[in-house]
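Examination of the molecular architecture
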Amino acid sequence: QVQLVESGGGLVQEGDSLTLSCAISGRAYSTSWFRQPPGKEREFVGAISRFAGATEYADSVQGRFTISRNLENNTVYLQMNNLKPEDTAIYYCAASAQKVPLAGSRSVDYDYWGQGTQVTVSS
């Protein structure tokens, strides 16, 4: 069984930076970040492969957000720069049990989910 615990959310101002962490217990392959803005559906932010560290991002965050991982402590990070009010959301970490580099951008592609952490960006 894989468990994911997110941390690092908070209230920041427009233009600020924030780093989220996802501590993973157990073996996971592709790990991703999703977010759910208020009143909207959950959406894909980006993903990283376990071994090669390959990444993919949603167009809305490309160039501002960076996903990285530390295999020693089994943690995945989401570095968010130049934050905008539209980045306000609950951010979720998700992991796939599939032995593929990148599992995809749909919620159904992932088997395990964290509880989420709130990020609020004020203008």
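Refer to the structure above for everything that follows.
Here we summarise the structure given alongside this text.

So, how was this worked out
Residue positions within a chain follow its written sequence, with the count starting from 1. Residue-level local features of this predicted model are given only where pLDDT is at least 70; pairs of side-chain atoms are given and counted only at 80 or more, and the full residue set underlies all totals for whole chains, interfaces and linings. As a convention, hydrogens and water are excluded, and side-chain values are obtained from all of the structure's heavy atoms. Strands here are runs of E lasting at least two residues and helices are runs of H or I lasting at least four, both read from the DSSP assignment and numbered beginning at the N terminus. Our radius of gyration is a C-alpha quantity, and the globule rule it is checked against amounts to 2.2 Å times the number of residues to the power 0.38. Burial here depends on accessible area, computed with a 1.4 Å probe over protein chains only, as a share of the maximum for the residue type. Under 20% is buried, over 50% is exposed, and the range in between is partly exposed. Between two residues, a contact is recorded if the distance between any of their heavy atoms is within 4.5 Å. Note on terminology: disulfide denotes any pair of cysteine sulfur atoms within 2.5 Å. Strands are labelled as partners when DSSP assigns at least two bridges between them. Think of a salt bridge as a Lys or Arg side-chain nitrogen and an Asp or Glu carboxyl oxygen that are within 4 Å of each other.

**Notes on the overall build of the chain**
Looking only at helices and strands, the chain features zero helices and eleven strands. When its helices and strands are written in sequence order, the chain yields β-β-β-β-β-β-β-β-β-β-β. For 123 residues, the compact-globule formula gives about 14 Å, and the C-alpha radius of gyration of the chain, at 13 Å, lands near that figure. Referenced to the eigenvectors of the C-alpha coordinate spread, the extents of the chain come out at roughly 40 × 30 × 25 Å. Taking all 123 residues of the chain together, the buried fraction comes to 45%. When contacts within the chain are restricted to residue pairs at least 6 apart in sequence, those whose partners lie at least 24 apart make up 57%.

**Regarding the environment of G114**
When you line up the elements, G114 lands in the loop between β10 (112-113) and β11 (117-122). You can call G114 buried: its relative accessible area is 11%. Each residue touching G114, except ones within four places of it in the same chain, is listed here: L4, E6, Y92 and C93.

**Things to note about the state of the cysteines**
All told, the structure shown has one disulfide when counted by the stated rule. A disulfide bridge connects C22 with C93, and the sulfur atoms are separated by 2.0 Å. Disulfide C22-C93: torsion about the S-S bond near -80°, hence left-handed. One end of the pair, C22, is in strand β3 (residues 18-25); the other, C93, is in strand β9 (residues 89-95), and 71 residues separate them in sequence. In terms of burial, C22 and C93 fall into one category: buried.

**Observations concerning the pairing of β3**
Burial of β3 is one-sided: the residues L18, L20, C22 and I24 facing one way are buried, the residues T19, S21, A23 and S25 facing the other way are not. Sheet topology note: the β3/strand β8 (residues 75-80) ladder contains six bridges and is antiparallel. Directly across from T19, in β8, lies its bridge partner Q79.

**Things to note about the pattern of salt bridges**
Evaluated as defined, the whole model comprises four salt bridges. With its nearest N and O atoms 2.9 Å apart, the salt bridge here joins R35 to D87. Of this pair, R35 sits in strand β4 (residues 31-36) while D87 sits in the loop between β8 and β9, and the two are 52 residues apart along the sequence. D87 shares its class with R35; the two are buried. Across the salt bridge formed by R106 and D109, the nearest N and O atoms sit 2.8 Å from each other.

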